[in-house]
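Overview (structure and organization)
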Amino acid sequence: MENRADTINLKRVLKRILERKWLFVKALAIAFVLSCVWILPKPRYYSTTIMLAPETESLSGGSGLSSLASSFGFNLGNVTSSDAIYPMLYPDLMESTTFIVDLFDTQIVNEDGDIKTDYYTYLSKHQKISFWELPLVWVKAMLGKLFSSDDDNNLAAGDKGNSDLLVLSKEQDAVAKIIGQNVSCVVDQKTDVITITVTDQDRLVSATMADSVRVKLQNFITEYRTSKARVDLEYYSKLTKEAKSDYEEARRLYASYADSNVELTLESFKAKKDDLENDMQLKYNTYSTLNTQLQMAKAKVQERTPAFTILQGAALPQKPAGPKRVIFVLFMLFLTFTGTLLYAMKDDILRQFRQ
């Protein structure tokens, strides 16, 4: 127990700090200056959040199991839903290259009104950077030009080598990665509430893009949910149009024949008139049946169209989301103080380990 006397205590720590106070002052001053130089030039960024409650379609008999699973924090959307793309897959959908590339052409205007362009150009040409990042950007651009090939420069967004392959240039791929970082989607496993967050250097651009992402997601889900019904609608529209044309032609032939042979009493003429009338009636029945199917198909499209309840719409953020300059500086000062303290007390620490 004699070694307890040599244990490092608060009194000894304070003594070492007072003995090396100028070391602490210099270290903290240098850390403060470097932290400010690093963090202050960094451009501020803003985040806009939108919350949606989507309508989901469940198979019969699955609601009870889904409710029971939700009470334990699990989601059985892929089991109880008749949709292949259910809310838990929306984040993966929004991270897909196809979805991100569709955002390239979104028109934006910054808050000052001096930038009016598409989102791709905004991210590639109008981003603010710190002054100490300029040499890095210049070197990166020079290296990119040095090692880029002609094929890379000729590629454009939307070019496809085949029906399933989306080809992007290096610059377009870099912008797509930035969008992937700026746009995030989270789905609550219990409530299926979708939270979309978009981060940008301009708060109006952030709000605009958040609303655009919401619209594109809703359109994609609506198109997916109604795709089969819309195919059926197009099919019945085509058949109904053809049936109507056939019926009108049959009616014209019947009316023309009947008007031309009003006073004739020969059985052969009556038989042909009956045949034309029967043919007209059959084609009318076909047209009537198909028209009923057409109205049902229209109702099916409306039924399959999902409803989205906007719990929180896109609003201009009042405060920047970052960078947290004060927190960053305080954290760096804390790390510097801790490191300096360990350096000042290294002899005491080593002595403890030797015992």
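We now turn to the structure provided with this report. (Residues numbered from 1 in each chain as written. Predicted model: local features only at pLDDT ≥ 70, side-chain atom pairs only at ≥ 80, totals over all residues. Heavy atoms only, no water.)

1. A few points about the overall build of the protein chain
Within the protein chain, the secondary structure is distributed over 14 helices and eight strands. Out of the 355 residues belonging to the protein chain, those deemed buried represent 30%. Restricting to contacts in the protein chain with at least 6 residues of sequence separation, those with at least 24 account for 75%. For the protein chain, the accessible surface area stands at approximately 23100 Å², while carbon and sulfur atoms represent 58% of it. (Helix = DSSP H or I, 4+ residues; strand = E, 2+ residues; numbered from the N terminus. Buried < 20%, exposed > 50% of the residue type's maximum accessible area, 1.4 Å probe, protein only. Contact = heavy atoms within 4.5 Å. Areas by Shrake-Rupley, 256 points an atom, 1.4 Å probe, with all protein chains shown as cover.)

2. Looking at the environment of aspartate 102
Looking at the element boundaries, aspartate 102 is found in the loop between helix H6 (97-101) and strand E2 (107-109). We classify aspartate 102 as partly exposed; its relative accessible area is 44%.

3. Some points on the pattern of salt bridges
Applying the stated criterion across every chain yields a total of seven salt bridges. For aspartate 173, the salt bridge identified is with lysine 177, shortest N-O distance 3.5 Å. With aspartate 173 and lysine 177 both in helix H10 (residues 170-182) and four residues apart, the pair spans about one turn of that helix. A relative accessible area of 33% means that aspartate 173 is categorised as partly exposed. Using a relative accessible area of 53% as the deciding quantity, one classes lysine 177 as exposed. One salt bridge in this structure joins aspartate 211 and arginine 214, with 2.8 Å as the shortest N-O distance. Here arginine 214 and aspartate 211 lie together in helix H11 (residues 203-260), a separation of three residues that amounts to about one turn. (Salt bridge = Lys/Arg side-chain N within 4 Å of Asp/Glu carboxyl O.)

4. Some points on the nonpolar core
Counting residues in hydrophobic clusters, the biggest one holds 33 residues, and the most contacted among them are Ile179, Ile196 and Leu217. Those elements that provide at least two residues to this core are strand E1 (46-54), helix H5 (90-95), H6, helix H7 (119-125), H10, strand E6 (183-187), strand E7 (194-200) and H11. Counting residues per element, this core draws most heavily on H11, at six residues. Ranked by size, the runner-up nonpolar core spans nine residues in total, among them Ala243, Ala250, Met280 and Tyr287. (Core = buried A, V, L, I, M, F, W, Y, C linked by side-chain atoms within 4.5 Å.)

5. Brief notes about the side chain of threonine 336
Position of threonine 336 among the secondary structure elements: in helix H13 (residues 325-344). For threonine 336, a relative accessible area of 18% gives the class buried. At a separation of 2.8 Å, a polar atom in the side chain of threonine 336 contacts the main-chain carbonyl oxygen of methionine 332. Not counting chain neighbours up to four residues away, the residues in contact with threonine 336 comprise Ala27, Leu28 and Ala31. (Polar contact = N/O pair within 3.5 Å; in protein donor to acceptor, adjacent residues only side chain to side chain.)

6. Quick notes on the sheet that holds strand E8 (residues 308-312)
Sheet architecture is open: four strands sit in the order E6-E7-E1-E8, paired in antiparallel fashion. Edge positions in the open sheet fall to E6 and E8, since each of these has one partner strand only. Pairs of neighbouring strands in the sheet enclose a mean axial angle of 25°, with direction left out of account. Packed on one face of the sheet, H10 meets E6 and E7 and runs near 40° to E6. (Pairing = 2+ DSSP bridges. Axes fitted to C-alpha atoms, helices over the stretch in contact; angles between N-to-C directions.)

7. Quick notes on the environment of tyrosine 254
Here tyrosine 254 lies in helix H11. On the basis of relative accessibility, which here comes to 18%, the residue tyrosine 254 falls in the buried class. Taking the C-alpha atoms as reference, tyrosine 254 lies 9.5 Å from asparagine 278; in sequence the two are 24 residues apart. Each residue touching tyrosine 254, except ones within four places of it in the same chain, is listed here: Lys273, Leu276, Glu277 and Met280.

8. Considering helix H2 (residues 21-39)
Under the 1.5 Å per step criterion, the end-to-end length of H2 is 26 Å for 19 residues, consistent within 8% with the ideal 27 Å. Among the residues of H2, those classed as buried are Phe24, Ala27, Ala31, Ser35, Cys36 and Ile39. Looking straight down H2, one finds its buried side chains confined to an arc of 155°; they lie on one side. Every exposed residue of H2 that faces more than 90 degrees away from the buried side is listed here: Trp22, Lys26, Ile30 and Leu34. Here the buried face of H2 lies against helix H1 (10-19) and H13. (Expected span 1.5 Å × (residues − 1). Arc of directions from axis to C-beta.)

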